[in-house]
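Descriptive structure summary
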Amino acid sequence: MKASIQHKLQSLSDRLQELDRQLEDPNVVASMDNYRKITKEHAEISPVVALYNDYRKSEADVAAALDMAKDPAMRDFADEEIKASRARLEEIEISLQKALLPKDPNDEKNIFIEIRGGTGGDESALFAGDLFRMYTRYAERQGWQVEIISESHGEVGGYKEVIARIVGQGAYSRLKFESGGHRVQRVPATETQGRIHTSAATVAIMAEADDASDVVINPSEVRVDTFRASGAGGQHINKTDSAVRLTHIPTGIVVECQDGRSQHKNKEQAFRVLAARIKDKQTREQQAKEAAERKSLIGSGDRSERIRTYNFPQGRVTDHRINLTLYKIDFIMDGDLVDLTNALIAEHQAEQLASLSESAQ
């Protein structure tokens, strides 16, 4: 293990002892806010320190076995112990490196997902609808809630655009790599000669902003327009100016929400989406700077980049960023995204580990 990593782990071990002392001090824990802060840090550090203690124990086991190997009568037994202890050391070191990777502060947050039909006309709207169903089914499998914020239907079905909020622990951590261009190759239902068409849709995954700390929106910098909602919704929704459009003047970001019957509800939802978009813009700008130095799955922030192709005639889904092809398109379109999300998370961790190794040299 590199000396710089070992030093960091020892610092965490020392910090845990300090936190233990603080938790035993009645004056320190008298404040509930302070108590929560300390216990949260304690919970975050404890598993890492436990791993580090296991690592040091395995180091001691190797040293003891090496000492034992000096005795010819014990050499065979000692060699087996050395081999087993070194294997444990390697496993624990990998786990420790992963535990030390920088945490994404958004990982546990709810998300807003925006899907827009792209090139391909009616077929792109149908594909956007298929993607929305795919993510909805995945969310259901995770036990998450899906709430449509705004939708604009295509002429023959699907969506020109749909925005939804997904509520569930770890939603952002599992779906943050889905942002980008998605391409479909298939024979559309409207195609009479059986020709394969290519169309596209874009997906944006945005972490929900915390009300208090993430994004501060100055109301004087937001223009609020109300208008009559269009499309499905019955007579009531079409007779009142319940739809809301927000324009954030400094960034030019525009948000419309017309799914609810209440203007107040639509305005509240629109402000939440606006905060998420502003936060997402800030995040992508930061990622673009980092991507200039290192390739990253979520690096460039370029939403026009094609990340995945869904080829129905061949039954395959290919993620171009990690060169992964899965021949299970029916399962994937029904929300079975585990193989995809796990592979993307593993690749991202590998990138982070490479960066950690470079910085530790």
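Bear in mind the structure is a predicted one, so any value in this text is a computation, not a measurement.

The next point concerns the environment of Gly252. Mapped onto the fold, Gly252 is located in the loop between β7 (243–248) and β8 (253–257). Exposure remark for Gly252: the relative accessible area of 48% places this residue in the partly exposed category. Each C-alpha atom, one on Gly252 and one on Val222, is 9.7 Å from the other, the two residues being 30 residues apart in sequence.

Take the packing of aromatic side chains next. Overall, the coordinates contain three aromatic pairs when judged by the stated rule. Both rings, one in Phe132 and one in Tyr159, keep their centres 5.6 Å apart while their planes meet at 80°; by these two values the pair is edge-to-face. On the criterion of sequence distance, the pair formed by Phe132 in helix α5 (residues 122–142) and Tyr159 in strand β3 (residues 159–167) is long-range, its members being 27 residues apart. By relative accessible area, Phe132 is classed as buried at 9%. Judged by centre distance (5.7 Å) and plane angle (85°), the ring pair of Tyr138 and Trp144 falls under edge-to-face. Directly above the ring of Phe312 sits Arg186, whose terminal nitrogen or CZ lies 5.0 Å from the centroid.

For the protein chain, the mean per-residue pLDDT works out to 84, and 89% of the residues sit at or above 70. The lowest-confidence element of the protein chain is helix α7 (residues 234–239), averaging 44 in pLDDT; the highest-confidence one is helix α9 (residues 329–333), averaging 97. This model gives residues 232–238 a pLDDT under 50, and the stretch forms 13 contacts once residues within four places in sequence are excluded.

Here the focus is the sheet that holds strand β1 (residues 111–117). Ordered by their spatial adjacency, eight strands build an open sheet running β2-β3-β1-β5-β4-β9-β10-β11, and the pairing between neighbours is mixed. Edge positions in the sheet fall to β2 (145–153) and β11 (324–326), since each of these pairs with one other strand and no more. This sheet shows a mean twist of 15° between the axes of neighbouring strands, independent of strand direction. By the bridge criterion, four bridges tie strand β9 (residues 306–311) to strand β10 (residues 316–319) in an arrangement that is antiparallel. Residue Asn311 lies in a different strand from β10, and its bridge partner there is Arg316. The sheet contacts of α5 involve β1, β2, β3, β4 (180–186), β5 (197–207) and β9, and relative to β4 the element is tilted by about 110°.

What follows covers the side chain of His182. Among the structural elements, His182 can be located in strand β4. What makes His182 buried here is its relative accessible area of 0%. A polar contact is formed between the side chain of His182 and the side chain of Tyr310, at a distance of 2.9 Å.

Tracing the backbone through its elements, the reader meets Ser173 in helix α6 (residues 171–175). One polar contact links the side chain of Ser173 to the main-chain carbonyl oxygen of Gly170, over a distance of 2.7 Å.

As a further point, take the nonpolar core. In summary, soluble globular proteins display a tendency toward joint burial of nonpolar side chains. Of all hydrophobic cores here, the largest spans 36 residues; its most connected members are Ile115, Leu131, Tyr135 and Tyr310. When contributions to this core are tallied by element, the ones reaching two or more residues are β1, α5, β3, α6, β5, β11, α9 and α10 (338–360). If one sorts the elements of this core by residue count, α5 sits on top with eight residues. Look past the residues within four positions of Leu131 in its chain and what remains in contact with it is Ile115, His182, Ala201, Val203 and Tyr310. Counting residues in each nonpolar core, the second largest holds 19 residues, with Ile163, Val222, Val244 and Leu274 among its members.

Taking strand neighbours across the sheet as the criterion, the three strands line up as β6-β7-β8 in an open arrangement whose pairing is antiparallel. The strands lining the two open edges of the sheet, one partner per strand, are β6 (222–227) and β8. Ignoring which end each strand starts from, the neighbouring axes of this sheet average 15° apart. Sheet analysis places β6 next to β7, joined by six bridges and oriented antiparallel. Residue pairing in the sheet places Thr226 in a bridge with Val244 of β7.

What counts and what doesn't
- Residues numbered from 1 in each chain as written.
- Predicted model: local features only at pLDDT ≥ 70, side-chain atom pairs only at ≥ 80, totals over all residues.
- Heavy atoms only, no water.
- Helix = DSSP H or I, 4+ residues; strand = E, 2+ residues; numbered from the N terminus.
- Buried < 20%, exposed > 50% of the residue type's maximum accessible area, 1.4 Å probe, protein only.
- Phe/Tyr/Trp six-rings, centres within 6.5 Å; stacked < 30°, edge-to-face > 60°.
- Lys NZ or Arg CZ within 6 Å of the ring centre and 35° of its normal.
- pLDDT = per-residue confidence, 0-100.
- Contact = heavy atoms within 4.5 Å.
- Pairing = 2+ DSSP bridges.
- Axes fitted to C-alpha atoms, helices over the stretch in contact; angles between N-to-C directions.
- Polar contact = N/O pair within 3.5 Å; in protein donor to acceptor, adjacent residues only side chain to side chain.
- Core = buried A, V, L, I, M, F, W, Y, C linked by side-chain atoms within 4.5 Å.

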